[in-house]
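# Descriptive structure summary
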Amino acid sequence: MRAADEKVLGEFSTAILSTAAAEHLPLLTACLSAAACHKDNRDTTHAVVSALGILLHNRNRQVNLLQKMISVVLFKGGAKKMVFMRLQKAGLCLGYVWVIVTLVACLP
């Protein structure tokens, strides 16, 4: 979940993150999976990866691949600055300014 290079965003997959989490954090992943289970047996991968992203980001600010991906999707979807501010406080995304600076840096 640590992304030092922005090209890693192109290879982003919640399945990859889920597999890595199950391998390196089996107890935490199992607890989150149990907490996220639904009565209709829906897949909990996205819920578990999101929860792990929040927990790990609050513990280590370098672990932010999930937050980067969410931030870019929000920006491309036209989310307002206030949305970024609220989700950033919850640990779900990075700041609005980060997205702008990163996307401008990617321009030729």
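Structure: see above.
All of the points below concern the structure found in this document. (Residues numbered from 1 in each chain as written. Predicted model: local features only at pLDDT ≥ 70, side-chain atom pairs only at ≥ 80, totals over all residues. Heavy atoms only, no water.)

With that settled, the discussion passes to the side chain of Ser71. Here Ser71 is to be found in helix 4 (residues 65-76). Relative accessible area serves as the criterion here: at 0%, Ser71 is assigned to the buried category. When sequence neighbours within four positions are dropped, the list of residues in contact with Ser71 reads Phe84, Cys93, Leu94, Trp98 and Val99. (Helix = DSSP H or I, 4+ residues; strand = E, 2+ residues; numbered from the N terminus. Buried < 20%, exposed > 50% of the residue type's maximum accessible area, 1.4 Å probe, protein only. Contact = heavy atoms within 4.5 Å.)

Within the secondary structure layout, Met82 lies in helix 5 (residues 81-90). Separated by 14 residues in sequence, Met82 and Tyr96 place their C-alpha atoms 8.9 Å apart.

Attention now moves to helix 2 (residues 26-36). Thr29, Leu32 and Ala36 are the residues of helix 2 that are buried. One face of helix 2 carries all of its buried residues, which in axial projection span an arc of 65°. Turned more than 90 degrees away from the buried face of helix 2, the exposed residues are Leu27, Ala34 and Ala35. (Arc of directions from axis to C-beta.)

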